[in-house]
Amino acid sequence: MTILTRVLIVALLFCCSAQVVVAQEDSTQVALTDADWSKYAQIEVMTSTFLTQKTEELKEWISTKEGLGGGARYNQIKGVWGNAKKEIAIGLTEKEREAYLEALAFQNSMQKMVIAYQADLIRDEKLLGVALFEQISKAIQDNPSLKEKLLQEVARLKKKKGLSLIHISEPTRQAEIS
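One structure accompanies this document, and this report is about it.

Rules used throughout
- Residues numbered from 1 in each chain as written.
- Predicted model: local features only at pLDDT ≥ 70, side-chain atom pairs only at ≥ 80, totals over all residues.
- Heavy atoms only, no water.
- Helix = DSSP H or I, 4+ residues; strand = E, 2+ residues; numbered from the N terminus.
- Buried < 20%, exposed > 50% of the residue type's maximum accessible area, 1.4 Å probe, protein only.
- Phe/Tyr/Trp six-rings, centres within 6.5 Å; stacked < 30°, edge-to-face > 60°.
- 1 Å grid on protein atoms, 1.4 Å probe; cavity = no way out; pocket = protein on both sides within 12 Å on 5 of 7 lines; lining within 4 Å.
- Points joined across faces, edges and corners; volume = space filled by probe spheres on them.
- Nonpolar A, V, L, I, M, F, W, Y, C, P; charged D, E, K, R; others polar.
- Salt bridge = Lys/Arg side-chain N within 4 Å of Asp/Glu carboxyl O.

### Section: the overall build of the chain
- Counting its regular elements, the chain contains 8 helices and 0 strands.
- Ordered by position from the N terminus, the helices and strands of the chain form the series α-α-α-α-α-α-α-α.
- Buried positions account for 28% of the 178 residues belonging to the chain.

Below, the structure is given as structure tokens:
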């Protein structure tokens, strides 16, 4: 054998042994416990509760916002928003347009608050922690059927507290946590 062949064989053996070590590291991940899933689900429940509170604040703001005309008018404006002909047909005033834009800005700021709130909960090591969050997120990504396990735990906790299901998308949550 030439020296080049020997070097290639040694390099190949080194690469193979490195892959075995990496594979062993992957297989030694800590198994997720029911308590881990419950912690993760609890974050979902806490976020849902916070979102419900913020939604109520938005409804109250819309119903009392001068120039918007209450919830019914808000919904009417929302239904035609962006369609000039329909806006004219319902008699949308400039004052209502400004109030509706303010409502949209208020709604967007509340959505950001909810996402930030959830991200803070996830970062809190006493509640969940980023490492456990990432481990559960990866487990769900690797095995989508685990999402059902999480949803069942969330539903169980919400039923216990009398809440309805509300969900923030995973990409939005991931972006905020990073």
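Still more to cover.
### Description of the packing of aromatic side chains
- Enumeration according to the criterion identifies 5 aromatic pairs in this entry.
- For the ring pair tyrosine 40 and phenylalanine 133, a centre distance of 5.6 Å and an interplane angle of 5° mean the geometry is stacked. Here the residue tyrosine 40 occupies a position in helix H2 (residues 34-64), and phenylalanine 133 occupies one in helix H6 (residues 130-142), the gap between them amounting to 93 residues. A single burial state applies to tyrosine 40 and to phenylalanine 133, both of which are buried.
- An angle of 15° between the planes, with centres 4.9 Å apart, marks the rings of tryptophan 61 and phenylalanine 106 as stacked. Placement of tryptophan 61 in helix H2 and of phenylalanine 106 in helix H5 (residues 94-123) is noted, with a sequence separation of 45 residues between them.
- Ring pairs connect the aromatic residues Tyr74, Trp81 and Tyr100, which therefore count as one cluster.

### Topic: the layout of surface pockets
- Empty space within the largest pocket amounts to approximately 170 Å³.
- As for the largest pocket, its lining consists of 10 residues, and the residues nearest its centre are Leu51, Thr55, Gln107, Met110 and Gln111.
- For the lining of the largest pocket, the secondary-structure elements that each account for two or more residues are H2 and H5.
- The greatest single-element share of the lining of the largest pocket, amounting to 5 residues, is contributed by H5.
- Its residues placed into classes, the lining of the largest pocket shows 6 nonpolar, 3 polar and 1 charged.

### Things to note about the pattern of salt bridges
- For the structure on display, the rule yields 10 salt bridges.
- Lysine 59 is the partner of glutamate 56 in a salt bridge, and the nearest nitrogen-oxygen pair spans 3.6 Å. One end of the pair, glutamate 56, and the other, lysine 59, are both in helix H2, 3 residues apart, so they sit about a helical turn from each other.
- Accessibility expressed as a relative area gives 48% for lysine 59, which makes it partly exposed.

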